[in-house]
Amino acid sequence: MDETSTEARYEPLPPFQTGIRGRCPRCGKGHMFKGFLTLRPACEVCGLDYSFADPADGPAFFVICFGCVPSVALAVWIEVALQAPYWVHLFTSLPFMLLTCIPPLRPLKGWLVASQYFYKAKEGELTRRDMPDQAKSP
């Protein structure tokens, strides 16, 4: 079966809607993940091959920027303002850091994979241009 005819059967779904729920970006029904962050080889419903997906370090970057930085700022503030003992950090800073860093990874990765599918993102290609002949020096 032709890939374009398969694509024509499915209406485009918004990447945010399918990605954060970990659903297939083509049909919206199949699951994208087989583990916490491991992508399935293909959708079990429509058969979409997920080999196109490469979110790389995108999810980690977003989590570092929007989760880790505020968590560390909170821990530093608690330390400086309250001069808190270590057990206070154990019950405040550590849970806050874990809750702001781990749960967002999967929805962010799903959103990035779904966005790659939706926008048909591909790896960049460089074309070789012939360099003009440089004048020979005497």
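Just so you know, these numbers come straight off a predicted model, no measurement behind them.

The subject of this paragraph is the nonpolar core. Counting residues in each nonpolar core, the largest one holds twelve residues, listed as Cys-24, Cys-27, Met-32, Phe-33, Leu-39, Cys-43, Cys-46, Leu-48, Tyr-50, Ala-53, Val-113 and Tyr-117. In this structure Cys-43 touches Cys-24, Cys-27, Gly-30, Leu-48 and Tyr-50, once residues within four positions along its chain are discounted.

Contact geometry for helix 3 (residues 58-82) and helix 5 (residues 93-101): axes closest at 9 Å, N-to-C directions at 170°. Between helix 3 and helix 5, the interaxial angle falls into the category roughly antiparallel. The residues of helix 5 that touch helix 3, namely those facing Val-63, Gly-67, Cys-68, Pro-70, Ser-71, Val-72, Leu-74, Ala-75 and Ile-78, are Ser-93, Phe-96, Met-97, Thr-100 and Cys-101. Class assignment for the residues of the contact of helix 3 with helix 5 results in ten nonpolar, four polar and no charged.

Right, let's talk about the packing of aromatic side chains for a bit. Evaluated as defined, the whole model comprises six aromatic pairs. Taking 5.8 Å as the distance between ring centres and 50° as the angle between the ring planes, the aromatic pair formed by Phe-52 and Tyr-117 counts as tilted. With Phe-52 in the loop between helix 2 (15-19) and helix 3 and Tyr-117 in helix 6 (residues 105-118), this pair connects stretches of sequence that are 65 residues apart. When the ring of Phe-62 is compared with that of Trp-111, the centres are 6.2 Å apart and the planes differ by 55°; the resulting orientation is tilted. Placement of the pair is Phe-62 in helix 3 and Trp-111 in helix 6, with a sequence separation of 49 residues. Note on Phe-62: relative accessible area 27%, which makes it partly exposed. Here a set of aromatic residues connected by ring pairs shows up, and it is made of Phe-61, Phe-62, Phe-66 and Trp-111.

Here we come to unusual backbone geometry. If you check the backbone angles, Ala-56 has positive phi at about 50° while not being a glycine. Residue position: Ala-56 is located in the loop between helix 2 and helix 3. Backbone geometry at Lys-120 places phi at a positive 55°, although glycine is not the residue there. Topologically, Lys-120 is positioned in the segment after helix 6. The class of Lys-120 is exposed, set by a relative accessible area of 62%.

Time to look at the UniProt feature "transmembrane region" (unreviewed entry) in the protein. Taken from the UniProt record, the annotation "transmembrane region" (unreviewed entry) applies to residues 60-78 and 84-102. For residues 60-78, helix accounts for 100% and strand for 0%, while the C-alpha atoms at its two ends are 25 Å apart. With 79% helix and 0% strand, residues 84-102 has end C-alpha atoms that lie 25 Å from one another.

Turning to the pattern of salt bridges, a few remarks are in order. For the coordinates displayed, the defined rule picks out one salt bridge. One salt bridge connects Arg-40 with Glu-44, and the closest N-O pair in it is separated by 3.6 Å. We classify Arg-40 as partly exposed; its relative accessible area is 26%. Glu-44 gets classed as partly exposed once you look at its relative accessible area, which sits at 43%.

The subject of this paragraph is the confidence of the model for the protein. Across the protein, pLDDT averages 88, with 84% of residues at or above 70. When the elements of the protein are averaged for pLDDT, helix 1 (residues 3-8) gives the smallest value, 58, and helix 6 the largest, 96.

Reading the values: the criteria
Counting restarts for each chain: residues are numbered from 1 in the order of the written sequence. Local features in this predicted model are restricted to residues of pLDDT 70 or higher, and side-chain atom pairs are both shown and tallied only at a pLDDT of 80 or more, whereas totals for entire chains, interfaces and linings draw on every residue. Side-chain figures throughout are based on the complete set of non-hydrogen atoms in the structure, without hydrogens or water. The nonpolar core is taken to be a set of buried Ala, Val, Leu, Ile, Met, Phe, Trp, Tyr and Cys residues, with the residues joined through side-chain atoms within 4.5 Å. For the exposure calls, accessible area comes from a 1.4 Å probe over protein chains only, and a residue counts as buried if that area is under 20% of its type's maximum, exposed if over 50%, partly exposed in between. Any two residues whose heavy atoms approach within 4.5 Å at even a single point are treated as in contact. Lines fitted to C-alpha atoms define the axes, with helix axes restricted to the stretch in contact, and inter-axis angles between N-to-C directions lie between 0 and 180 degrees. Only runs of H or I of at least four residues qualify as helices and only runs of E of at least two qualify as strands under DSSP, and these elements are numbered from the N terminus. Orientation categories follow fixed angle ranges, with anything under 35 degrees roughly parallel, anything over 145 roughly antiparallel, 65 to 115 roughly perpendicular, and all other angles oblique. Here the nonpolar group is Ala, Val, Leu, Ile, Met, Phe, Trp, Tyr, Cys and Pro; Asp, Glu, Lys and Arg are the charged ones; every other residue, Gly included, is treated as polar. Aromatic rings from Phe, Tyr and Trp, taking only the six-membered ring of Trp, are treated as a pair when their centres fall within 6.5 Å; an angle between ring planes under 30 degrees marks them as stacked, one over 60 as edge-to-face, and anything in between as tilted. UniProt positions are given in the numbering used here, feature names are shortened, and annotations may be inferred rather than shown by experiment. Whenever Lys or Arg places a side-chain nitrogen within 4 Å of a carboxyl oxygen from Asp or Glu, that contact is recorded as a salt bridge. Note: pLDDT gives the predictor's confidence per residue, expressed from 0 to 100.

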